[in-house]
Amino acid sequence: MHEQALEILVVDDEEDNLEGMQELLEELDRTVRCVDSGAKALACMTSGAIGLVLMDVQMPGMDGFEVARRMRADPDTRFTPIIFISGMRQTDAVLTQGYTAGAVDFMTKPVHPAMLLHKARVLLEHEQYRRSLLQTSQQLERAMAFNASILDNTAEGILVVDSEGLIRFANPAIRGMLGCSDDELQGTELLGWIESPHEDNWATSVWLDHLQRGESLRLHDANLRGRDARRVPVALSCSPLPEGQQSMTILALDMSAVRELHHQLEVMTITDPLTGLLNRRGFIQALQAAISRNQRTGRMSALLFLDLDGFKQINDQFGHDRGDDALRWVSGQLQACLRPYDRLARIGGDEFTVIIEGVNGPEDAAAVAEKLVGQVSADQSRFQLGASIGIACLPASGSTVEDLMRAADTAMYDAKRRGKGQFRFAVEP
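Thresholds applied
- Residues numbered from 1 in each chain as written.
- Predicted model: local features only at pLDDT ≥ 70, side-chain atom pairs only at ≥ 80, totals over all residues.
- Heavy atoms only, no water.
- Helix = DSSP H or I, 4+ residues; strand = E, 2+ residues; numbered from the N terminus.
- Buried < 20%, exposed > 50% of the residue type's maximum accessible area, 1.4 Å probe, protein only.
- Areas by Shrake-Rupley, 256 points an atom, 1.4 Å probe, with all protein chains shown as cover.
- Core = buried A, V, L, I, M, F, W, Y, C linked by side-chain atoms within 4.5 Å.
- Contact = heavy atoms within 4.5 Å.
- Salt bridge = Lys/Arg side-chain N within 4 Å of Asp/Glu carboxyl O.
- Patch = residues over 30% accessible without salt bridge, like charges linked within 9 Å, V, L, I, M, F, W, Y side chains within 5 Å.
- Lys, Arg positive; Asp, Glu negative; His and termini not counted.
- Charge placed at Lys NZ, Arg CZ, Asp CG, Glu CD.
- Expected span 1.5 Å × (residues − 1).
- Polar contact = N/O pair within 3.5 Å; in protein donor to acceptor, adjacent residues only side chain to side chain.
- Pairing = 2+ DSSP bridges.
- Axes fitted to C-alpha atoms, helices over the stretch in contact; angles between N-to-C directions.

In this structure, what is going on with the overall build of the protein chain? I would like to understand it.
Within the protein chain one finds 14 helices and 16 strands. With the C-alpha coordinates aligned to their principal axes, the bounding extent of the protein chain is approximately 85 × 55 × 40 Å. Taken over 429 residues, the protein chain has a buried fraction of 48%. Carbon and sulfur atoms provide 49% of the accessible area of the protein chain, an area that totals close to 21,400 Å².

So, in structure tokens, the structure goes:
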């Protein structure tokens, strides 16, 4: 069956912005719909043809955040990707509100054309793939109603388990998922092949409980444990057989591709497309995780806030393409100075952050900062750049994301005031 070509919906209350986006997106060879209000956007979504929404935030009547929330509440548009394109300053509060509402990305006007086109193309491809997987899944579920003669040909794994929790039948699909022969499965305990939900005792398990009550059970986030510790993500559907048989069927749909797609989309939301580093959202997640580990272990960590000296002059004199080259070069230089498990992020413009965990004292953080300052300015013939760094130690400078960011930012500006090309520690509160 021919797949429907997905369309792009642009939502903005400014006519000039709609015209500009319409012209830019023509390169994708997709139908582009343009509307000037949130209500019209929701009306367009009912067609089922929209595969990507590019939406302004500040609009009269219904703003972009509300539109996104309503889309996420509707099963038909729950997974349709949304990119907010706004002139609003991207504060932590604005970003948090946007991502909580359901956006996969947040871009600032005026957008970088190549960046927007790349993101739009990838998200449309992923959405087309997701819909194709969903359609396949629905077709497989309808196929369950056919008679037993199709069991050996279905792509869905099927087990029959008796009231003692022992496997009495396994079709080829489930044997392939687990990497086992029929003899290896016949008569074995079901719980030995289920990783999650974890159950130790068949008599008290959720499986026997539903079998005895004659009720179906659906688990969308389960994992099978295959031979050689192979982990297989699946959606499971368990249904008791008619009375008297004292058995149940368990159908397993391999969700590896779907979960990988979701993982890829999640990675896109926390990755800076220019440098491949963590973006602001990914950095905040990483810093929150570091704070949690510090609270458990008590080991000191440090946050380094780095701002480039001289970057504005590169942009002004040579243009943004040269500026982008400089940012990519700097990201490589910084990574070369860090350990594999240190977390480096570009949180906007020419601002970078580094999370260093398990330092023995401020002198360790100072040594890293000194190395970073030297590395950025090492090749003046290529880029005339320097770096000013502010250092906030955890927990001395704070125990929240906001406190640590504020302390490191203040220390960085202190370094700039003192002549740039150096680092300063935050003053402890």
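Here the narrative resumes, following the displayed structure.
What am I meant to see in the nonpolar core here?
The tendency in soluble globular proteins is for nonpolar side chains to be buried side by side. Of all hydrophobic cores here, the largest spans 32 residues; its most connected members are Leu304, Phe352 and Leu372. Mapped by element, the contributors of at least two residues to this core are strand 12 (301-309), helix 11 (311-318), helix 12 (320-336), strand 14 (351-357), helix 13 (362-376) and strand 15 (386-394). Take this core: its biggest share by element is six residues, from helix 13. Among residues more than four places away in sequence, those in contact with Leu304 are Phe352, Thr353, Val354, Ile356, Ala365, Val368, Ala369, Leu372, Ile389, Gly390 and Ile391. Membership of the second largest hydrophobic core comes to 27 residues, among which are Leu159, Ile174, Trp193 and Trp207.

Just checking my understanding: could you explain the pattern of salt bridges for this structure?
Close approach of charged atoms allows side chains with opposite charge to pair. This structure, assessed with the given rule, holds 27 salt bridges. Among the salt bridges present, the one from Glu195 reaches Arg231, with a minimum N-O distance of 2.7 Å. Within this pair, whereas Glu195 is found in strand 8 (residues 194-196), its partner Arg231 is found in strand 10 (residues 231-240), the two being separated by 36 residues in sequence. Three or more residues are tied together by salt bridges with common partners; here these are Asp12, Asp56 and Lys109.

Mind showing me how you'd approach the environment of Leu9 here?
For Leu9, the location among the structural elements is in strand 1 (residues 7-11). What makes Leu9 buried here is its relative accessible area of 1%. Spatially, the C-alpha atoms of Leu9 and Leu52 are 6.3 Å apart, while their sequence positions differ by 43 residues. Residue contacts for Leu9: discarding those within four places in its chain leaves Arg33, Val35, Ala41, Cys44, Met45, Ile50, Leu52, Val53 and Leu54.

Whenever I open this one, a negative patch on the surface confuses me. Can you help?
A cluster of like negative charges, contributed by Glu14, Glu15, Asp16 and Glu19, occupies part of the molecular surface. Turning to its location among the elements, Glu14 is positioned in the loop between strand 1 and helix 1 (15-25). For Glu14, a relative accessible area of 45% corresponds to the partly exposed category.

Quick question: what am I supposed to make of helix 10 (residues 280-297) here?
Over its 18 residues, helix 10 runs 25 Å from end to end, which matches the ideal 26 Å to within 8%, given 1.5 Å per residue. Within the span of helix 10, buried status applies to Arg280, Gly282, Phe283, Ala286, Leu287, Ala290, Ile291 and Asn294. Check the buried side of helix 10 and you find it contacts helix 4 (92-101), strand 12, strand 13 (343-348), strand 14, strand 15 and helix 14 (401-417). Where helix 10 begins, the side chain of Asn279 points an oxygen toward the backbone nitrogen of Arg281, at a separation of 3.1 Å. Following helix 10 by one or two positions, Gly298 has its phi on the positive side, about 80°.

Would you mind showing me how to read the environment of Gly348 here?
Turning to its location among the elements, Gly348 is positioned in strand 13. Spatially, the C-alpha atom of Gly348 lies 41 Å from that of Leu224, the residues being 124 residues apart in sequence.

When you look at the sheet that holds strand 2 (residues 32-35) in this model, what are you seeing that I'm missing?
Whenever strands of a sheet pair, they do so through backbone hydrogen bonds, lying parallel or antiparallel. Taken together, five strands build an open sheet; the order of strands is 2-1-3-4-5 and the sheet is parallel. The sheet terminates laterally at strand 2 and strand 5 (105-108), the two strands that pair on one side only. Recorded for the sheet is a direction-independent mean angle of 20° between the axes of neighbouring strands. Note: strand 1 against strand 3 (residues 50-55), five bridges, orientation parallel. Its bridge partner lying in strand 3, Leu9 is registered against Val53. On the sheet, helix 3 (residues 64-73) packs against strand 3, strand 4 (82-86) and strand 5 and is oriented at approximately 175° with respect to strand 4. Contacting strand 4 and strand 5, helix 4 runs over the sheet at an angle of about 135° to strand 5.

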